[in-house]
Amino acid sequence: MDRNPSPPPADRDQEEEQDPAGGDCVGRTVYSKHWLFGVLSGLIQTVTSENAKSGSDDKESQMELDEEMENDICRVWDMSMDEDVALFLQEFNAPDIFMGILVKSKCPRLREICMGILGNMACFQEICVSISSDKNLGQVILHCVYDSDPPTLLETSRLLLTCLSQTEVASVWVERIREQPAVHDSICFIMSSSTNVDLLVKVGEVVDKLFDLDEKLMLEWIRNGAARPLDQPQEDCDEQPVFRIVPCVLEAAKQVRSENPEGLDVYMHILQLLTTVDDGIQAIVQCPDTRKDTWNLLFDMVCHEFCQADDPPIMLQEQKTVLASVLSVLSAICSSQAEQEHPKMETDLPLIDSLIRVLQNMEHCQKKPENSTESNTEDPKKSDLTQDDFHLKILKDISCEFLSNIFQALTKETVAQGLKEGQLNKQKCSCAFQSLLPLYGPVVEDFVKILHDVDKALAEDLEESFPSLKVQT
C-alpha cells in the first residue's frame, strides 16, 4: 500500500466549490482553494495543539497524526505535484507553515509529509528558487538531515537532490552544506548504518551530485575524519566517532548491491570521483583495511557478477556505466604503490579474463545491424545510440588502460599459469592485442617477449597475426 493516498476524485472536489464559475478552483485544476485553506489551517491548529499538550516530562515522545488529518494532508502531498497547486501553496506561504511544523512537531509522519510536499514544490524552478533563497528554511531543511526517522530523511534527501539539480540554486546549497560540517557526519552515519535501500540510494545520489558539483567540498569531506590521533583508540574516546567517507560508501554499496543496481551504480561513481584527486586515492589505499575492503568488493563484482561467461554480450549495455566506475577504481588502486600489497597471480589472472571478456562483448555491442542504412541518420533514437557508443568508448578506454597496467606487471610464472588455466590463449590474446594496439604497443611487445620464454609457438603465432610485433621482438 502506498504511503500517501491518491488525490480525491474530481467530483468530490467540485462539491466543495463555492463559485459556479470556477473561482474557487486552483488555477486550471478542479481542486478547491477553500478546501486547501482548511487543510493548511488545520495543520497550524494541529501543531499548536500538539505543543500545548506536550509537557516538560515527555519532550522526547512522538506524537501520532489524526487519521482524517493524515488523509487530507496526504491528498495535498499528491496534489502538490501539479504546478498550479504548488504555486498556490507558495502564494499562501505554505513553506513557512511547513517550516514551523518541521521545527516544532514531534510527529514523524507529519514532518515526512511536509518535507515531501516541499520536495514536490521544488520541482518547479520558480518555487525552487524561492525556497532556496529563504535562509531560515534552508537551515531547517539541512537540520532535518539529522532526523532519526527514515521516511523523513528520504524526503529530505529528495528535496536536497532536487535543489542541487537546479543550476540556478545549486551553489547556494553547496555553500550551506559546506558551512555545516555536521551534515557530513549525518550522511556518513546513514550510509554506514542504514538498511533502508531507498534511503541509501537517495543519499548516495545527493553525495554523488555534491562531489560532481564541487571538488573543494569533496576534498573537505575526504579530509574530514583523517585527523584522529593514531595513538587514541576509538573505544577510549567519549566523543562522537569520526566518520571516514570511503568505509561509509563501501558499507552503503554492500547494502544496495543486490537490491538496487541503479544505487550500486551511484556508489561506484562516488568512488570513481574520489579517485580523480590524490587525496581521494590516498583515502582508499592508505589504510590497509580500507584498501583491502575496497579491492575485495570491486574485485568480486568484476570477476563474479558483471560480464560473466554465460551472460549474453548485449548485457554489457546495461552494465557499462557501473563497470566503467568499478574498473576505474581498481585501476587506480593498481597504479598506486599499494598495489604491491596484492597477491598478483590470484588477482591478475581473473581480472585479465574478465577484462578480455568485456572487450569481446564490446565488439559485439558495437557491431551495427546488417540492415542499417544511411537513411537511419534521421532516426529519433540516433542520439540514444550515440550516447551508448560514448559510454562504451569510455569503458573501452578504462578497460584497456587497466589491462595494460596488469600486463606490465606479469611474470613468466603468472603467464604460464594463465595459459594452463585458460585465462590466456590465442583467441583471448588476439582480442587483447586488437584493443591495446597501437596505443599500448610497448606493453604488448614486452608481454610477447615473456610469452616467447613460456610458449614460443603461441608467441610466433600471435606475431604472424600482428606483424608490427614481429619487427620489434
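This one's a predicted model, so the numbers in the text were calculated from it and none came from an experiment. (Residues numbered from 1 in each chain as written. Predicted model: local features only at pLDDT ≥ 70, side-chain atom pairs only at ≥ 80, totals over all residues. Heavy atoms only, no water.)

1. Comments concerning the overall build of the chain
Here is step 1: Of regular secondary structure, the chain possesses 25 helices and 0 strands.
Here is step 2: Among the 473 residues that make up the chain, the fraction classed as buried is 50%.
Here is step 3: Restricting to contacts in the chain with at least 6 residues of sequence separation, those with at least 24 account for 75%.
Here is step 4: Carbon and sulfur atoms provide 48% of the accessible area of the chain, an area that totals close to 23700 Å². (Helix = DSSP H or I, 4+ residues; strand = E, 2+ residues; numbered from the N terminus. Buried < 20%, exposed > 50% of the residue type's maximum accessible area, 1.4 Å probe, protein only. Contact = heavy atoms within 4.5 Å. Areas by Shrake-Rupley, 256 points an atom, 1.4 Å probe, with all protein chains shown as cover.)

2. Quick notes on the packing of aromatic side chains
Here is step 1: Taken as a whole, this structure holds 8 aromatic pairs when the rule is applied.
Here is step 2: Grouped by ring-pair contacts, the aromatic residues Phe 407, Phe 433, Phe 447 and Phe 466 constitute a single cluster.
Here is step 3: Against the face of Trp 173 rests Arg 176, its NZ or CZ located 4.8 Å from the ring centre. (Phe/Tyr/Trp six-rings, centres within 6.5 Å; stacked < 30°, edge-to-face > 60°. Lys NZ or Arg CZ within 6 Å of the ring centre and 35° of its normal.)

3. Structural notes on the nonpolar core
Here is step 1: Judged by nonpolar contacts, the single largest core of 150 residues is most densely connected at Met 191 and Phe 433.
Here is step 2: Examining the composition of this core, we find that 10 residues originate from one element, helix H18 (residues 316-335), more than from any other.
Here is step 3: In contact with Phe 433, not counting residues within four places along its chain, are Phe 407, Val 444, Phe 447, Val 448, Leu 462, Phe 466 and Leu 469. (Core = buried A, V, L, I, M, F, W, Y, C linked by side-chain atoms within 4.5 Å.)

4. Points about the environment of Met 79
Here is step 1: Within the secondary structure, Met 79 is located in helix H3 (residues 67-79).
Here is step 2: A relative accessible area of 0% places Met 79 in the buried class.
Here is step 3: Along the primary structure Met 79 and Thr 29 are separated by 50 residues, whereas in three dimensions their C-alpha atoms are 9.7 Å apart.

5. With respect to the packing of helix H9 (residues 150-164) against helix H12 (residues 197-213)
Here is step 1: As a packed pair, H9 and H12 sit with axes 9 Å apart at the nearest point and diverge in direction by 30 degrees. The orientation of H9 relative to H12 falls into the category roughly parallel. Crossing handedness for the pair H9 and H12: left-handed. Each of Pro 150, Leu 153, Leu 154, Ser 157, Arg 158, Leu 160, Leu 161 and Leu 164 in H9 lies in contact with H12, whose residues at this interface are Asp 198, Leu 199, Lys 202, Val 203, Glu 205, Val 206, Lys 209, Leu 210 and Leu 213.
Here is step 2: In terms of residue class, the contact of H9 with H12 is made up of 11 nonpolar, 1 polar and 5 charged. (Axes fitted to C-alpha atoms, helices over the stretch in contact; angles between N-to-C directions. Parallel < 35°, antiparallel > 145°, perpendicular 65-115°, else oblique. Left-handed = near helix turned anticlockwise from the far one by under 90°. Nonpolar A, V, L, I, M, F, W, Y, C, P; charged D, E, K, R; others polar.)

6. A short note on the packing of helix H10 (residues 170-179) against helix H13 (residues 215-223)
Here is step 1: Interaxial distance between H10 and H13 falls to 11 Å at its minimum, and their mutual angle equals 20 degrees. By the angle between their directions, the pair H10 and H13 is classed as roughly parallel. In this structure, H10 meets H13 at a crossing whose hand is left-handed. Along the contact surface, H10 presents Val 174, Ile 177 and Arg 178, while H13 presents Lys 216, Leu 217, Glu 220 and Trp 221.

7. A short note on unusual backbone geometry
Here is step 1: The peptide bond linking Leu 437 to Pro 438 adopts the cis configuration, its omega dihedral lying at 0 degrees.
Here is step 2: Here Pro 438 is to be found in the loop between helix H22 (426-436) and helix H23 (441-454).
Here is step 3: If you check the backbone angles, Asn 93 has positive phi at about 60 degrees while not being a glycine.
Here is step 4: Looking at the secondary structure, you find Asn 93 in the loop between helix H4 (83-91) and helix H5 (94-104).
Here is step 5: You will see that Cys 307, though not glycine, has its phi angle at about 50 degrees, which is positive.
Here is step 6: Within the element layout of this structure, Cys 307 appears in the loop between helix H17 (288-304) and H18.

8. Thoughts on the pattern of salt bridges
Here is step 1: Within the structure shown, the criterion is met by 17 salt bridges.
Here is step 2: As a salt-bridge pair, Arg 109 and Glu 70 come within 2.8 Å of each other at their nearest N and O atoms. Of this pair, Arg 109 sits in helix H6 (residues 108-121) while Glu 70 sits in helix H3, placing them 39 residues apart in sequence.
Here is step 3: A residue is classified by how much of its surface remains accessible, and Glu 70, at 22% relative accessible area, is partly exposed.
Here is step 4: The residue Arg 257 makes a salt bridge to Asp 300 at a minimum N-O spacing of 2.7 Å. Of this pair, Arg 257 sits in the loop between helix H14 (245-256) and helix H15 (261-274) while Asp 300 sits in helix H17, placing them 43 residues apart in sequence.
Here is step 5: Sharing partners across several salt bridges, the network here consists of Glu 175, Arg 178, Asp 214 and Glu 220. (Salt bridge = Lys/Arg side-chain N within 4 Å of Asp/Glu carboxyl O.)

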